Amino acid sequence: MAKKRKVHSLTGRIDDRLMMQSFIEVKRNRGAAGIDKVSIAMFEENLNANLAALKRDLKTRDAFVAKPLRRVLNPKDASSKTFRPLGIPAVRDRGAQEVIRRLLEPIFEPLFHDCSFGFRPQRSCHKAIERLLSFHNAGERITLDADIAGFFDNIPQKLIVDAVAEEEGSGTRSVRTCTHFRFDESTCVVGQGKMPQVKQVAWQLMRMIKATDSLIYY
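Remember, it's a predicted structure, so these values are computed and weren't measured experimentally. (Residues numbered from 1 in each chain as written. Predicted model: local features only at pLDDT ≥ 70, side-chain atom pairs only at ≥ 80, totals over all residues. Heavy atoms only, no water.)

Turning next to the environment of C115. Structurally, C115 can be placed in the loop between α4 (91-108) and α5 (125-137). Taking the C-alpha atoms as reference points, C115 and A128, separated by 13 residues in sequence, lie 8.1 Å from one another. (Helix = DSSP H or I, 4+ residues; strand = E, 2+ residues; numbered from the N terminus.)

In structure tokens:
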């Protein structure tokens, strides 16, 4: 059996163009300031210098360290009796996340199961509903709606990093950078619990699980 080939040295692909594209995406998504109280507009005031510093940290071994998340509790429903804890990264760290996403997505996207629709290019919840309706038109009459409670709060981070390393190359800087995006006791600002920042990576890895043709992930 041929030895599995891994992709190496992704950090060598980090250039000024990728940094600017990543910031533009962060700006497009808007969002509040993180724990450092630096808004997108404030970050943009000294954009070239900020992106150059971030690029240098991402390309330098063990130089990048994510800032703690700012914990916000959002009401889950109109009654406001239950809340969903959210961790808001600093604008700088959102830029780093987008850089890593752009580097990893071309590697993992071809590996995803066809039934997965969440956080994927050209896919959405509407596409998932269309697929579900196609099952109904084919004669399926039973639909099961299931959710894993606290999935992102409890998934072992090592499992994610190890799975990324299987494809990307163990020990490379981009994999180690992923380990900095976390929400644990050392980075908890307000509240308790765990909430990994890189939810997209977790989703991407979960999509690689074998599934039946009538199962839909979103």
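Having seen it, we continue.
Our focus in this paragraph is the confidence of the model for the protein. For the protein, mean pLDDT is 78; residues scoring 70 or higher make up 74% of the total. Put simply, helix α9 (residues 199-206) is where the protein has its lowest mean pLDDT, 50, and helix α2 (residues 40-45) is where it has its highest, 98. Confidence over residues 208-214 falls short of pLDDT 50; this stretch has 15 contacts with residues more than four positions distant or in other chains. (pLDDT = per-residue confidence, 0-100. Contact = heavy atoms within 4.5 Å.)

Quick look at the packing of α4 against helix α7 (residues 157-168) now. It is at 10 Å that the axes of α4 and α7 come closest, and there the two elements cross at 70°. As summarised for this structure, α4 and α7 are arranged roughly perpendicular, according to the angle between their axes. Here α4 contributes L104, I107 and F108 to the contact with α7, which in turn contributes A163, V164, E167 and E168. Of the residues contributing to the contact of α4 with α7, the split by class is 5 nonpolar, no polar and 2 charged. (Axes fitted to C-alpha atoms, helices over the stretch in contact; angles between N-to-C directions. Parallel < 35°, antiparallel > 145°, perpendicular 65-115°, else oblique. Nonpolar A, V, L, I, M, F, W, Y, C, P; charged D, E, K, R; others polar.)

Even without glycine at this site, K37 takes up a positive phi of about 65°. Positionally, K37 belongs in the loop between α1 (16-29) and α2. For F119, which is not glycine, the phi torsion reads 55° and is therefore positive. Among the structural elements, F119 can be located in the loop between α4 and α5. Taking relative accessible area as the criterion, F119 reaches 48% and is therefore assigned partly exposed. (Buried < 20%, exposed > 50% of the residue type's maximum accessible area, 1.4 Å probe, protein only.)

Within soluble globular proteins, side chains that are nonpolar tend to cluster in buried spots. Core analysis: the largest hydrophobic core is formed by 26 residues, its most contacted members being I14, M19, L58, V99, L103 and L104. At the level of elements, α1, α2, α3 (47-59), α4 and α7 are the ones that each hand at least two residues to this core. Sequence-distant contacts of M19, that is, excluding residues within four places in its chain, are made with I14, L51, L54, K55, L58 and V99. (Core = buried A, V, L, I, M, F, W, Y, C linked by side-chain atoms within 4.5 Å.)

Right, let's talk about the pattern of salt bridges for a bit. For the structure on display, the rule yields 12 salt bridges. A salt bridge links E25 to R28; the shortest N-O distance between them is 2.6 Å. Of the two residues, E25 and R28 both sit in helix α1, 3 residues apart, roughly one turn of that helix. One salt bridge in this structure joins R92 and D57, with 3.6 Å as the shortest N-O distance. With R92 in helix α4 and D57 in helix α3, the pair connects residues that are 35 residues apart, well separated along the chain. Overall, R92 belongs to the buried group, its relative accessible area being 17%. Through salt bridges with shared partners, a single network forms among E98, R101, R102 and E105. (Salt bridge = Lys/Arg side-chain N within 4 Å of Asp/Glu carboxyl O.)

On inspection of all chains with the given rule, the structure shows 1 aromatic pair. With a centroid separation of 5.8 Å and an interplanar angle of 25°, the aromatic rings of F23 and F43 are classed as stacked. Separated by 20 residues along the polypeptide, F23 in helix α1 and F43 in helix α2 bring together distant segments of the chain. No difference in accessibility class separates F23 from F43, as the two residues are buried. Sitting above the plane of the F117 ring, R123 keeps its charged end 4.7 Å from the centroid. (Phe/Tyr/Trp six-rings, centres within 6.5 Å; stacked < 30°, edge-to-face > 60°. Lys NZ or Arg CZ within 6 Å of the ring centre and 35° of its normal.)

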